[in-house]
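Analysis of the macromolecular model
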Number of protein chains: 2
Amino acid sequence: MNKIYVVGIGPGAYEKMTIEAAEALKASDTIIGYTVYVDLVKDHFADKRFLTTPMTKEVDRCVLAFEEAKKGHVVSMICSGDAGVYGMAGLMYEVGEKYPEVELSIIPGVTAATGGAAVLGAPLIHDFCLISLSDLLTPWEKIEKRLLAAAEADFVVCLYNPSSKKRHDYLAKACDLMMKYKSGDTVCGIVSNIGREGEACRVLTLKELRDTAVDMFTTVFIGNSQTKALAGKMVTPRGYRDV
Amino acid sequence: MNKIYVVGIGPGAYEKMTIEAAEALKASDTIIGYTVYVDLVKDHFADKRFLTTPMTKEVDRCVLAFEEAKKGHVVSMICSGDAGVYGMAGLMYEVGEKYPEVELSIIPGVTAATGGAAVLGAPLIHDFCLISLSDLLTPWEKIEKRLLAAAEADFVVCLYNPSSKKRHDYLAKACDLMMKYKSGDTVCGIVSNIGREGEACRVLTLKELRDTAVDMFTTVFIGNSQTKALAGKMVTPRGYRDV
């Protein structure tokens with residue numbers, strides 16, 4: 001059986017990968033991914049064949065993986081974080097419709113939401129939403145509706161892709177929308193370069209977040225009405241009837 | 001410095017733990033947790049001292065961990081999945097206010113949402129919400145509001161704690177609420193015993209899910225308007241403008 005592992009390698013550092021992910025990479029002949037992610041694992045799997053494609057060529061990358069697998073190679077397609085959260089797992093199933101002879105195995109990993117949460121303290125202890133601010137494939141109106149719905153229902157919100165060169169004002173727009181329902185004093189947090197060199201975090205209020213510049217390597221957390229700052233950490237209690 | 005690792009051990013199987021989590025457990029003198037989770041790791045760390053408390057005694061478990069750390073032992077507090085998602089990380093910071101001499105280090109893990117998603121295919125590729133149906137610490141009205149908000153804004157929804165002896169009809173109630181905005185034909189999935197013996201999954205419609213009995217070891221996924229069933233897998237596309 002021709003086999004492709006779709007592997008979430010976690011936030012970056014080798015030891016943030018699961019044991020199962022490391023075993024899948026060890027069992028592979030070929031490791032395929034976006035250049036930046038391949039560079040993160042290359043040193044630990046030096047005997048493998050590495051293939052890379054640029055960021056925007058995701059469909060090409062999937063086809064490359066299936067063509068390699070068809071030749072009889074065991075292939076790992078790697079993604080940062082979890083392959084199933086804004087990752088390649090979905091596209092692999094879609095492209096895979098043309099390759100019924102290839103079996104896919106998805107290996108989960110630590111996504112930026114939970115990896116970043118661990119750096120900030122415990123912001124995601126209660127119900128939360130993940131929302132990407134990238135409107136490349138999603139109409140902005142849809143994103144706006146989700147931000148408002150999440151804020152009105154008092155979810156903790158974790159934002160992926162909060163900024164890019166073309167979208168430098170999106171985080172401010174998102175904060176303004178959420179402040180229709182969330183207090184400006186809501187406890188928030190930002191983490192950049194999770195599990196990598198230069199990891200940094202900051203706990204701040206929603207008002208402050210609105211006027212903070214973040215880059216594309218930053219994950220943003222907006223608390224619910226119960227979230228507290230405790231000794232510099234962002235902590236959401238387990239419920240509303242708790243001590 | 002007195003140290004406690006708060007460790008998410010992932011869905012269950014040893015190899016679903018991160019390398020960092022395994023290293024934290026190896027570096028510990030004492031491993032503390034709910035009996036069921038301790039049993040999952042015990043064989044791999046046979047030389048450790050294990051302490052357990054029952055499910056409902058979470059505050060006692062935290063105090064136990066801090067008291068052990070105060071004695072100079074390196075302690076790991078373990079949780080299934082990720083310690084920061086409905087886990088012990090938050091309560092540890094809260095109880096830890098009385099133990100400023102003890103340092104906490106949170107080690108993230110694979111939570112049931114991403115672990116279960118990998119079994120089902122790729123349901124969480126786009127924006128999603130995690131909602132717990134347990135009303136032990138959260139008023140049901142709040143849960144209801146979140147289910148409606150998530151459905152109206154076309155989020156993928158992942159439900160934790162979908163059922164228990166006392167709450168056998170909660171999943172049906174949750175489905176009825178979401179069907180105000182989501183079609184009864186919405187693609188859904190259920191996974192039980194993720195990463196453990198007896199792992200099982202099923203892809204079904206929201207209508208069918210409404211009348212399906214699930215237990216407390218089941219994680220439930222409700223797709224967005226774009227989610228498809230592809231060769232028996234539950235797959236959410238990356239966006240709304242995709243091929």
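Here the structure is shown first, and the text comes after it.
The structure reproduced in this document is the subject of the present report. (Residues numbered from 1 in each chain as written. Chains lettered and ligands numbered in written order. Predicted model: local features only at pLDDT ≥ 70, side-chain atom pairs only at ≥ 80, totals over all residues. Heavy atoms only, no water.)

Thoughts on the pattern of salt bridges
Using the criterion set out here, one finds 26 salt bridges over all chains in the structure. Glu20 of chain A is the salt-bridge partner of Lys16 of chain B, the closest N and O atoms lying 2.9 Å from each other. Of this pair, Lys16 of chain B sits in the loop between β1 (2-8) and α1 (19-26) while Glu20 of chain A is found in helix α1 (residues 19-26), placing the two residues in two different chains. Owing to a relative accessible area of 17%, Glu20 of chain A belongs among the buried residues under this scheme. (Salt bridge = Lys/Arg side-chain N within 4 Å of Asp/Glu carboxyl O. Helix = DSSP H or I, 4+ residues; strand = E, 2+ residues; numbered from the N terminus. Buried < 20%, exposed > 50% of the residue type's maximum accessible area, 1.4 Å probe, protein only.)

Some details on the environment of Pro162 of chain B
For Pro162 of chain B, the position within the fold is in the loop between β8 (156-160) and α7 (170-178). With relative accessibility at 0%, the residue Pro162 of chain B sits in the buried group.

Regarding the side chain of Ser28 of chain A
Residues and elements named next belong to chain A. Of note, Ser28 is situated in the loop between α1 and β2 (30-34). On the basis of relative accessible area, Ser28 is assigned to the buried category, the value being 2%. Once residues within four sequence positions are removed from consideration, Ser28 is found in contact with Tyr5, Lys48, Val74, Val75 and Ser76. (Contact = heavy atoms within 4.5 Å.)

Quick word on the packing of aromatic side chains
All names here are of chain A. Under the defined criterion, the tally for this structure stands at 10 aromatic pairs over all chains. Note on Tyr34 and Tyr37: the rings are 5.3 Å apart at their centroids and 80 degrees apart in plane angle, and the pair reads as edge-to-face. Judged by its relative accessible area of 16%, Tyr37 falls in the buried class. Ring geometry for Trp140 and Tyr170: centres 4.8 Å apart, planes at 55 degrees, overall tilted. Here Tyr170 lies in helix α7 (residues 170-178) and Trp140 lies in helix α6 (residues 140-152), a separation of 30 residues in the sequence. Taken as a pair, Trp140 and Tyr170 share a single burial class, namely buried. (Phe/Tyr/Trp six-rings, centres within 6.5 Å; stacked < 30°, edge-to-face > 60°.)

So, unusual backbone geometry
The phi angle at Asp154 of chain A is positive, at roughly 60 degrees, despite the residue not being glycine. As for its position among the elements, Asp154 of chain A is in the loop between α6 and β8 (156-160). Of note in this structure, Ala231 of chain B is not a glycine but carries a positive phi near 50 degrees.

Structural notes on the nonpolar core
With 54 residues, the main nonpolar core has Leu147, Leu159 and Leu209 of chain A together with Leu147, Leu159 and Leu209 of chain B as its most contacted residues. In contact with Leu159 of chain B, other than residues within four places in its own chain, are Ile131, Leu133, Leu147, Leu171, Ala174, Met178, Thr219, Val220 and Ile222 of chain B. Ranked by size, the runner-up nonpolar core spans 36 residues in total, among them Ala22 and Leu25 of chain A together with Ala24 and Phe50 of chain B. (Core = buried A, V, L, I, M, F, W, Y, C linked by side-chain atoms within 4.5 Å.)

Quick word on the state of the cysteines
Taken as a whole and assessed by the stated rule, the structure comprises zero disulfides over all chains. Between Cys129 of chain A, a cysteine without a disulfide, and Cys129 of chain B, which holds the nearest cysteine sulfur, the sulfur-to-sulfur distance is 3.1 Å. Cys79 of chain B supplies the cysteine sulfur nearest to Cys62 of chain B, a cysteine that is in no disulfide, at a spacing of 8.6 Å. The class for Cys62 of chain B is buried, based on a relative accessible area of 0%. (Disulfide = S-S within 2.5 Å.)

Considerations on the sheet that holds strand β7 (residues 128-132) of chain A
One open sheet accounts for 10 strands, arranged β10(A)-β9(A)-β11(A)-β8(A)-β7(A)-β7(B)-β8(B)-β11(B)-β9(B)-β10(B); its pairing is mixed. Two strands close off the open sheet at either side, each with one partner strand: β10 (200-205) of chain A together with β10 (200-205) of chain B. Each neighbouring strand pair of the sheet contributes to a mean axis angle of 15 degrees, computed without reference to strand direction. Alignment of strand β9 (residues 187-192) of chain B against β10 of chain B, held across six bridges, turns out to be antiparallel. Among the inter-strand pairings, Val187 of chain B is bridged to a residue of β10 of chain B, identified as Thr205 of chain B. Those strands touched by α6 of chain A are β7 and β8 of chain A, and its axis lies near 160 degrees from that of β7 of chain A. Against the sheet, helix α5 (residues 112-120) of chain B touches β7 (128-132), β8, β9, β10 and β11 (218-222) of chain B, its axis set at about 70 degrees to β11 of chain B. (Pairing = 2+ DSSP bridges. Axes fitted to C-alpha atoms, helices over the stretch in contact; angles between N-to-C directions.)

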